[in-house]
Amino acid sequence: MTAPLTPPHQQPPNDPWQKSDAGTVPPFEPAVDEGPGLSTEVARAALVVAALTVAGVALGLLWMWLAPRVPLVSTDKAVFLQDTEGEEAVGADGTFVLLALAFGAVSAAVVFWFNRRGGVPLVVALLLGGLFGSLLAWGIGVWGGPDDVVARAREVGQGVPFDAPLELAAKGALLAWPLAALLVHLALTALFGPRDPEPEWEMPPYYGAPMTAPEPPAGYGPGAGGAGPVAPPQTGVGDGGPA
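In this text, all values refer to a predicted model and were calculated from it rather than measured experimentally. Note that residues are indexed from 1 along each chain, following the sequence as it is written. Under the rules for a predicted model, residues below a pLDDT of 70 receive no local features and side-chain atom pairs below 80 are neither given nor counted, while totals for whole chains, interfaces and linings still include all residues. Hydrogens and water molecules were not included; the side-chain quantities draw on all heavy atoms of the structure.

## Some remarks on the nonpolar core
Item 1. Counting residues in each nonpolar core, the largest one holds 27 residues, and the members touching the most others are Val-48, Leu-59, Trp-63, Phe-96 and Trp-177.
Item 2. Listing elements by their share of this core, those giving two or more residues are α1 (38-66), α2 (88-114), α3 (120-144) and α5 (176-192).
Item 3. Setting aside residues no more than four positions away along its own chain, Val-48 makes contact with Val-111, Leu-122, Ala-125 and Leu-126. To define a nonpolar core, start from buried Ala, Val, Leu, Ile, Met, Phe, Trp, Tyr and Cys residues and group those joined through side-chain atoms within 4.5 Å. Burial classes follow relative accessibility: with a 1.4 Å probe on protein chains only, a residue under 20% of its type's maximum area counts as buried, one over 50% as exposed, and anything between as partly exposed. Secondary structure counts use DSSP, requiring at least four H or I residues in a row for a helix and at least two E residues in a row for a strand, with both numbered from the N terminus. Contacts: residue pairs with any heavy atoms within 4.5 Å of one another.

What follows is the structure, encoded as structure tokens:
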């Protein structure tokens, strides 16, 4: 015969799996750093747009200084290219693109250094600021050259070469700065951005007496010659018992 099992609805008070009446354990909620608020992010984004737009002045001055100029020459009839097979125009576009890529990478690195938890407003600010800075640099380069080519040709005289104003033959170069800033910022965020903390799960407190394994009954175990019951000694003839 075996002892009857305790019904599930009548557990003993020292059941370690039964919840204590002292209180319940609140569920674990890992702490999450939500970062700055939306208003703070918008303010930082506006500052980034303004700073990158002002940086376009430096890009325009560098472009004017480093870009090759297209030489022109005039006759009594019109103004022509001095070297029809020259690559100065392509070199001007290439110089602008290389400078814009460098400005985009540096601006993204600086913005990431000061705002590691920047959200979508900061990324949009990098795109808009880079675009505005490129437009300003383009305008400065055009402004640095002669406004009226015909008047400049008459001023220098016929047969005398003079520099044409800087122009972007490929208007897609204006996207070099914002695209470079976006890619570099995404790469830095993926490599060095802050990570969410790993959840630390806590075990509920233990109530009641510790559970121990019951002792085996008599006749079991290694002392009894192996697992299983030991048969009682038999009495009979030759053992000193009754016949």
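Still more to cover.
## Overview of the packing of aromatic side chains
Item 1. Geometry of aromatic contacts follows a simple scheme: Phe, Tyr and Trp rings, the Trp one being its six-membered ring, pair when their centres are within 6.5 Å, and the pair is stacked under 30 degrees between planes, edge-to-face over 60, tilted otherwise. This model, assessed by the stated rule, comprises 2 aromatic pairs.
Item 2. For the pair Trp-63 and Phe-96, a centre-to-centre distance of 5.0 Å together with 75° between the ring planes defines the contact as edge-to-face. With Trp-63 in helix α1 and Phe-96 in helix α2, this pair connects stretches of sequence that are 33 residues apart.

## Describing the side chain of Asn-115
Item 1. Positionally, Asn-115 belongs in the loop between α2 and α3.
Item 2. Given the relative accessible area of 13%, Asn-115 is considered buried.
Item 3. Any N or O atom pair separated by 3.5 Å or less is treated as a polar contact, with the protein-specific requirement of one donor-capable and one acceptor-capable atom, and with residues adjacent in sequence counted only for side-chain atom pairs. A polar atom in the side chain of Asn-115 sits 3.3 Å from the side chain of Arg-44.

## Quick word on the pairing of strand β1 (residues 71-74)
Item 1. On β1, burial covers both faces: Pro-71 and Val-73 on one face and Leu-72 and Ser-74 on the other are all buried.
Item 2. For two strands to be treated as a pair, DSSP must find at least two bridges joining them. Bridge count for β1 against strand β3 (residues 162-163) is 2 bridges, and the pairing is antiparallel. Bridge pairing links Leu-72 to Phe-162 in β3.

## What to know about the layout of surface pockets
Item 1. Detection works on a 1 Å grid of protein atoms alone, calling trapped sets that fit a 1.4 Å probe cavities and calling open sets with protein on both sides within 12 Å along at least five of seven lines pockets, with lining residues defined by an atom within 4 Å of a point. Grid points are joined across faces, edges and corners, and a volume is the space filled by probe spheres set on the points. Counted as a void, the second largest pocket has a volume near 230 Å³.
Item 2. Taken together, 13 residues form the lining of the second largest pocket, with Ala-51, Leu-52, Ser-107, Val-110 and Val-111 sitting closest to its centre.
Item 3. Of all the secondary-structure elements, those providing two or more residues to the lining of the second largest pocket are α1 and α2.
Item 4. The biggest single contributor to the lining of the second largest pocket is α1, with 6 residues.
Item 5. Classification convention: Asp, Glu, Lys, Arg as charged; Ala, Val, Leu, Ile, Met, Phe, Trp, Tyr, Cys, Pro as nonpolar; all other residues, Gly among them, as polar. Its residues assigned to classes, the lining of the second largest pocket comprises 10 nonpolar, 2 polar and 1 charged.

## Some points on the confidence of the model for the protein chain
Item 1. Per-residue pLDDT for the protein chain has a mean of 74; in total, 59% of the residues score no lower than 70.
Item 2. Per residue, pLDDT measures the predictor's confidence, with a range of 0 to 100. Overall, residues 19-23 carries pLDDT values under 50, and its contacts beyond four positions in sequence, including any with other chains, amount to 2 contacts.

## A closer look at the packing of α3 against α5
Between two packed helices, both the angle of their axes relative to each other and the distance between the axes serve to describe the pair.
Item 1. Contact geometry for α3 and α5: axes closest at 7 Å, N-to-C directions at 155°. The angle between α3 and α5 places the two elements in the roughly antiparallel class. When you trace α3 past α5, the crossing you get is right-handed. Note on element contacts: α5 touches α3 through Trp-177, Pro-178, Ala-181, Leu-182 and His-185, opposite Leu-122, Val-123, Leu-126, Leu-127, Gly-130, Leu-131, Gly-133 and Ser-134.
Item 2. When the residues that make up the contact of α3 with α5 are grouped by side-chain class, the tally is 9 nonpolar, 4 polar and no charged. Inter-axis angles, ranging from 0 to 180 degrees, are taken between N-to-C directions of lines fitted to C-alpha atoms, where helices are fitted over the stretch in contact. The cut-offs work like this: below 35 degrees is roughly parallel, past 145 is roughly antiparallel, 65 to 115 is roughly perpendicular, and the gaps in between are oblique. In this scheme the crossing of two helices becomes right-handed for a clockwise turn of the near helix relative to the far one and left-handed for an anticlockwise turn of less than a right angle.

## Considering the environment of Ala-187
Item 1. With respect to the element layout, Ala-187 can be found in helix α5.
Item 2. Taking the relative accessible area as the measure of exposure, Ala-187 reaches 39% and is therefore partly exposed.
Item 3. In the structure, Ala-187 is positioned 79 residues away from Ala-108 in sequence and 9.9 Å away in space, judged by C-alpha atoms.

## Details of the packing of α1 against α2
Item 1. At their nearest, the axes of α1 and α2 sit 10 Å apart, and the two run at 150° to each other. In this structure, α1 meets α2 at a crossing whose hand is right-handed. Residue-level contacts link Val-48, Leu-52, Ala-55, Ala-58, Leu-59, Leu-62, Trp-63 and Leu-66 of α1 to Ala-92, Thr-95, Phe-96, Leu-99, Ala-100, Phe-103, Ser-107 and Val-111 of α2.
Item 2. Each residue belonging to the contact of α1 with α2 can be placed in one class, and the counts come to 14 nonpolar, 2 polar and no charged.

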